[in-house]
Amino acid sequence: MSKVNPDFVVKISGFTEFNAFACMNCGSCTALCPMGIDLLPRRMFRHVMLGLEDKVLENTENVFSCLLCKMCEENCPKDVPIVENIKSIRWYINREIFKLGKG
Amino acid sequence: MAVPIKHVLGILVDNLRIRESVMPLSRRRSIGWAKGLNIPKGGKTVIYTGLMYQLMPSIIAMEKMTSKFADSWISNFYGLGRAINKVISITPFMTWTDAAEKEIFDRILRNIAKLLQVADVDFGYLYEEELYAGALVHDEGINDVFEAHTHKVYKRLKKHNIEKVITVDPHTTDMLKSVYPKIIKDYQLEVKSYLEVLAESNLHPVKRIEQDIVIHDSCVYARYEGIIDQPRQLLENAGAKIIEPLNTKKMTYCCGGPVESLFPIKARTIADNRIEQLASVGKNSVTMCPICFINLKTAAEKNDFSVKDISDYLVEAYCDH
Ligand code: SF4
Ligand code: SF4
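Reading the values: rules and limits
- Residues numbered from 1 in each chain as written.
- Chains lettered and ligands numbered in written order.
- Predicted model: local features only at pLDDT ≥ 70, side-chain atom pairs only at ≥ 80, totals over all residues.
- Heavy atoms only, no water.
- Helix = DSSP H or I, 4+ residues; strand = E, 2+ residues; numbered from the N terminus.
- Buried < 20%, exposed > 50% of the residue type's maximum accessible area, 1.4 Å probe, protein only.
- Contact = heavy atoms within 4.5 Å.
- Areas by Shrake-Rupley, 256 points an atom, 1.4 Å probe, with all protein chains shown as cover.
- Buried area = accessible area lost by both parts, 1.4 Å probe.
- Salt bridge = Lys/Arg side-chain N within 4 Å of Asp/Glu carboxyl O.
- Polar contact = N/O pair within 3.5 Å; in protein donor to acceptor, adjacent residues only side chain to side chain.
- Nonpolar A, V, L, I, M, F, W, Y, C, P; charged D, E, K, R; others polar.
- Pairing = 2+ DSSP bridges.
- Domains from an automatic or database assignment.
- Axes fitted to C-alpha atoms, helices over the stretch in contact; angles between N-to-C directions.
- Near = heavy atom within 4 Å.
- Core = buried A, V, L, I, M, F, W, Y, C linked by side-chain atoms within 4.5 Å.

In this section: the overall build of chain B. Scanning chain B for helices and strands turns up 15 helices and eight strands. The proportion of buried residues among the 321 residues of chain B is 61%. Taking as baseline every contact in chain B between residues at least 6 positions apart, the subset at least 24 positions apart corresponds to 81%. Of the accessible surface of chain B, which amounts to about 13,000 Å², a share of 52% is contributed by carbon and sulfur atoms.

Our next topic: the interface of chain B and chain A. Between chain B and chain A, the contact holds 34 residues from the first and 26 residues from the second. With both chains or domains summed, chain B and chain A bury close to 2,900 Å², and 66% of this area falls on carbon and sulfur atoms. When residues of chain B are sorted by the area they lose upon contact with chain A, Asn143, Arg223 and Tyr224 of chain B head the list and together hold 19% of the total. The salt bridge involving Lys266 of chain B is made with Glu61 of chain A; its shortest N-O contact spans 3.9 Å. For the pair chain B and chain A, the number of links is eight residue pairs in polar contact (both at pLDDT 80 or more). Among the secondary structure elements, those contributing two or more residues to the side of chain B that touches chain A are α1 (5-19), α7 (135-139), α8 (143-159), α11 (219-224) and α13 (264-279) of chain B. When its residues are assigned to classes, the side of chain B that touches chain A shows 17 nonpolar, seven polar and ten charged.

A few words on the sheet that holds strand β2 (residues 124-125) of chain B. Ordered in space as β2-β1-β3-β4 (chain B), the four strands form an open sheet in which the pairing is parallel. Taken across any chain shown, the strands that pair with only one partner, and hence form the sheet edges, are β2 and β4 (190-193) of chain B.

Quick look at the domain arrangement of chain B now. Residue and element names in this part refer to chain B. With domains assigned, chain B is organised as domain 1 (5-198) and domain 2 (204-318). Listed by partner, the interface residues are 33 residues for domain 1 and 26 residues for domain 2. Viewed at the interface, domain 2 and domain 1 are joined by one salt bridge. Across the pair Asp312 and Arg107 runs a salt bridge whose closest N-O atoms are separated by 2.8 Å. Scanning the region where domain 1 abuts domain 2 turns up five residue pairs in polar contact (both at pLDDT 80 or more). Top element by residues in the side of domain 1 that touches domain 2 is helix α6 (residues 99-118). It accounts for nine residues. Tallied by class, residues from the side of domain 1 that touches domain 2 come to 18 nonpolar, seven polar and eight charged.

Residues and elements named next belong to chain B. If you trace the four strands from one edge of the open sheet to the other, you get β6-β5-β7-β8, paired in parallel fashion. Taken across any chain shown, the strands that pair with only one partner, and hence form the sheet edges, are β6 (241-243) and β8 (306-309). Going across the sheet, the axis of each strand differs from the next one's by a mean of 40 degrees, ignoring polarity. Set on the sheet, helix α14 (residues 290-300) makes contact with β7 (284-287) and β8; between it and β8 the angle comes to about 165 degrees.

Here we take up unusual backbone geometry. Backbone phi values are negative for most residues with the exception of glycine, while trans is the configuration of most peptide bonds. Residues and elements named next belong to chain B. Even without glycine at this site, Leu51 takes up a positive phi of about 65 degrees. One non-glycine residue, Asn161, adopts positive backbone phi at about 55 degrees. Its location among the elements puts Asn161 in the loop between α8 and β3 (164-167).

Taken together, Cys33, Pro34, Met35, Cys66, Leu67, Leu68, Cys69, Lys70, Met71, Cys72 and Val83 of chain A form the complete shell of residues around ligand 2. Split by residue class, the shell around ligand 2 holds ten nonpolar, no polar and one charged.

Our focus in this paragraph is the nonpolar core. Among the nonpolar cores identified, the biggest contains 140 residues, and Ile89 of chain A together with Leu235 of chain B are the most heavily contacted of them. Residues from two domains meet in this core; each of domain 1 (5-198) and domain 2 (204-318) of chain B gives at least three. Discounting chain neighbours no more than four positions away, the residues touching Leu235 of chain B are Ile209, Ile213, Ala240, Ile242, Val286, Ile310, Tyr313 and Leu314 of chain B.

Turning to the pairing of strand β5 (residues 212-215) of chain B, a few remarks are in order. Residues and elements named next belong to chain B. Where β5 and β6 come together, three bridges link them in parallel fashion. If you follow Asp212 over to β6, its bridge partner there is Lys241. Two strands pair when backbone bridges link them, and β5 and β7 are joined in this way by two bridges, in the parallel orientation. The partner of Ile215 across the bridge, within β7, is Val286.

This is the structure:
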């Protein structure tokens, strides 16, 4: 069972703050993504903003499949920093789940 | 899940922390390319390879291995491999490299240095003191290890009183030009890609390129750094006719390379898609990034289609051998 947790978005920030509040769910990112990552960024960002950590972790493979190619960002009408957000999620998983880093 | 993400990333992180590079490289492998070019050590301006071209043969070998092991029981042993790797470097055993591949990447670096020399650019090189810029660890989001590494790199540059670096690949360019300044306070370093430096110079062609060339922009040069016109200008000045594929300039299509170490099968599909686009408009293509080069070249092997690094074309056109 997922539980909404508004603090999660704060915990997940990386070098810059996680920021997807302007996203209007238009789907341009998904339509143009060469990896065909259906879930990233819009649904995944929604999970983060709602604090649904288990939903985010269920999609670890998607998070690490992103090419960081910025095709989505180039065409996002709301200038969402999609790639920085994806890297913030990676940083969270690396730190909290994989226990990578300086240790 | 294919290859265990955690352990592959773990090996790269441990190598960067313990051995200052994502994969260990011998002194000869790192600086052998510069032999005979008489590049002075140090100086106010240096060529900065960031070891990207030198690492490519090892990365290719590691990827060949990951694609072999993806979805197999052997992938379970990555965890054990990581534990051993902390004590003894296992990466050289995982990444036996091919001499022909090494020669291609060394040649590209030599091309670039020769072009800068012909353009009368005054530059030195840090030789064995040059460090990898950390792009892979940054991209995978291992922020604390990356941050510690950026300080090491910057300190090294400042120790040698370097004011300007000329980078040779898009990933190192983006790291030093746009990412480091966000992390390091009072960052002072002028960073330019060699394509920018050459485009601003007075280079004159000594031989014409009488060819139609399909251009493949790197995502990082085009979308991150806005380096789009310079490669076109340098090729066109020498007489080449540039053919723009369906996805080009700011709308360029990724080569698939960035996910090669973790998802080799997906990466192959992306490269195949891109080759289909490029090959539908011409016979010869040009890349300007070591990752694009190797991914597209491998994907093009099935087709009758040539993939060349831009420096191979430019050295032919602008350098008197
Ligand atoms: S393109 Fe931008 S605004 Fe549209 S769904 Fe994607 S992130 Fe949201
Ligand atoms: S940056 Fe990632 S999510 Fe965006 S288009 Fe590229 S692969 Fe897809």
